[in-house]
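# An overview of the molecular structure
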Amino acid sequence: HKARHHEPKAGGVRVVPLGQCGGHDQGRWLEAACRACGCRLARRGQHTGCRRVRAQGQGPLPARPGLGGIQPPLLQSPRVPSFWGDSSCVYPPDRLGCLTNGAQFVNHGAFGSPLRTSFESANRWRVHAERQPLRFIDRELFPHMVRSLKLMSKTIDCKPTDLALVPNATLALNAVFDSVPLTSKDSIFYLDCTYNSVKKMIRAACERTGATHVQKDLPFPLPAGSEKDAIVQTVESSLPEGCKLAVFDQVTSNEGLVMPVRELVEACHRRNILVLIDAAHGLGCVDSFAVSGIGAEYVAGNCHKWYSSVRGAGFLYVNHERLGSIAGVHEAA
């Protein structure tokens, strides 16, 4: 609106012919934009042949709150499907999952087994979307995504503005590796128990930027009763000079080791090192999962493992001060 249509001048008039497709919605967006900058919009609608021009004597339309004064009308009250909160999606304990009767699923670290309620709820959403796909994608999806972000942010204890919903933790991790500015003088630090595909991402990022990657082996078996101290001391004594980013699992995939991520983050911050936590196994596995309690700049996680959601649900948290440098998740894909 600002770059292509006009230099905003209070009281100015702009005539905008709208195309055959989406003309109504485009006009509403332009009206909102004009309210924000103080100009008037004269719209010639090709669908009806009508022409509406605000009277020259009227003052600028008042800006609507939100989004810098621009708020699309259709985002004010999202349409909630009738099945939302339907009690038929609630099952007794012996029928919570979708597994074959008698099966006990313990490998949630791989893909997880979704709860029946989340599985059937997801199917209902798919059916709801396909009944009016254009309306759902163009007009309903965004406010529902915002609502989901707010609910998820409460679940993991962070601001919704610092959170992105992604298909999985792998995409979130790639977005971070594509965003951290690395040079040939920098290095990335990680442990030998880091998930193998994450090691490949680290090596690829270093090959692309000329940085080096430093792996440290943990002294297994860890001393009984002082595992946390042993891990922190090993990391503190091994962080290399010029380390720009440290990567730690919250729960290691192969060993099932719950890492002292808070203490590791504090040790890295004392050296001004950014920290990325791979929390793919964290949500639903550790007690009181909270991003605020971790303190890292980046936290990537999945919902389809221990949280028992349907597959294709993950999240990326970015510290508010780092939001400007993060690559769009679509670029990482």
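Residues numbered from 1 in each chain as written. Predicted model: local features only at pLDDT ≥ 70, side-chain atom pairs only at ≥ 80, totals over all residues. Heavy atoms only, no water.

### Topic: the overall build of the protein
Within the protein, the regular secondary structure consists of nine helices and 10 strands. When the 333 residues of the protein are sorted by exposure, 41% land in the buried category. Intrachain contacts of the protein at a sequence separation of at least 6 include 66% that bridge at least 24 residues. As displayed, the protein has an accessible area near 18,300 Å², and 52% of this comes from carbon and sulfur atoms. (Helix = DSSP H or I, 4+ residues; strand = E, 2+ residues; numbered from the N terminus. Buried < 20%, exposed > 50% of the residue type's maximum accessible area, 1.4 Å probe, protein only. Contact = heavy atoms within 4.5 Å. Areas by Shrake-Rupley, 256 points an atom, 1.4 Å probe, with all protein chains shown as cover.)

### Structural notes on the nonpolar core
If you look at the biggest cluster of nonpolar residues, it comprises 39 residues, and the most contacted ones within it are Ile156, Phe248, Ile277, Phe289, Val299 and Phe315. Apart from the residues lying within four places of it in its own chain, the contact partners of Ile156 are Leu163, Leu283, Phe289, Ala290, Val291, Ser292 and Phe315. (Core = buried A, V, L, I, M, F, W, Y, C linked by side-chain atoms within 4.5 Å.)

### Concerning the pairing of strand S6 (residues 212-216)
With five bridges joining them, strand S5 (residues 187-191) and S6 adopt parallel strand pairing. Across the sheet, Ile188 pairs through a bridge with His213, a residue of S6. Taken together, S5, helix H5 (residues 196-209) and S6 form a β-α-β motif whose crossover is right-handed. (Pairing = 2+ DSSP bridges. Right-handed = clockwise from strand over helix to strand, strands pointing away.)

### Section: helix H2 (residues 116-131)
With 16 residues, H2 ought to run about 22 Å at 1.5 Å a step, and its terminal C-alpha atoms sit 23 Å apart, in line with that. Every buried residue belonging to H2 is among Arg116, Ser118, Ala122, Trp125, His128 and Ala129, and all of these are buried. At its buried positions, H2 is contacted by helix H3 (133-156). (Expected span 1.5 Å × (residues − 1).)

### Considerations on the environment of Ala122
Assignment of secondary structure puts Ala122 in helix H2. Owing to a relative accessible area of 15%, Ala122 belongs among the buried residues under this scheme.

### So, the packing of aromatic side chains
For any two aromatic rings, the description comes down to two numbers: the centre-to-centre distance and the angle of the planes. Summed over all chains, the structure comprises three aromatic pairs. An angle of 50 degrees between the planes, with centres 6.3 Å apart, marks the rings of Trp125 and Phe136 as tilted. Here Trp125, found in helix H2, pairs with Phe136, found in helix H3; they are 11 residues apart in sequence, far enough to count as distant. With relative accessibility at 9%, the residue Phe136 sits in the buried group. Here the aromatic rings of Phe189 and Phe248 are separated by 6.3 Å at their centres, their planes lie at 65 degrees, and the arrangement is edge-to-face. Of this pair, Phe189 sits in strand S5 while Phe248 is found in strand S7 (residues 243-249), placing the two residues 59 residues apart along the sequence. Assigned by exposure class, Phe189 and Phe248 land together as buried. (Phe/Tyr/Trp six-rings, centres within 6.5 Å; stacked < 30°, edge-to-face > 60°.)

These figures capture arrangement, not role.
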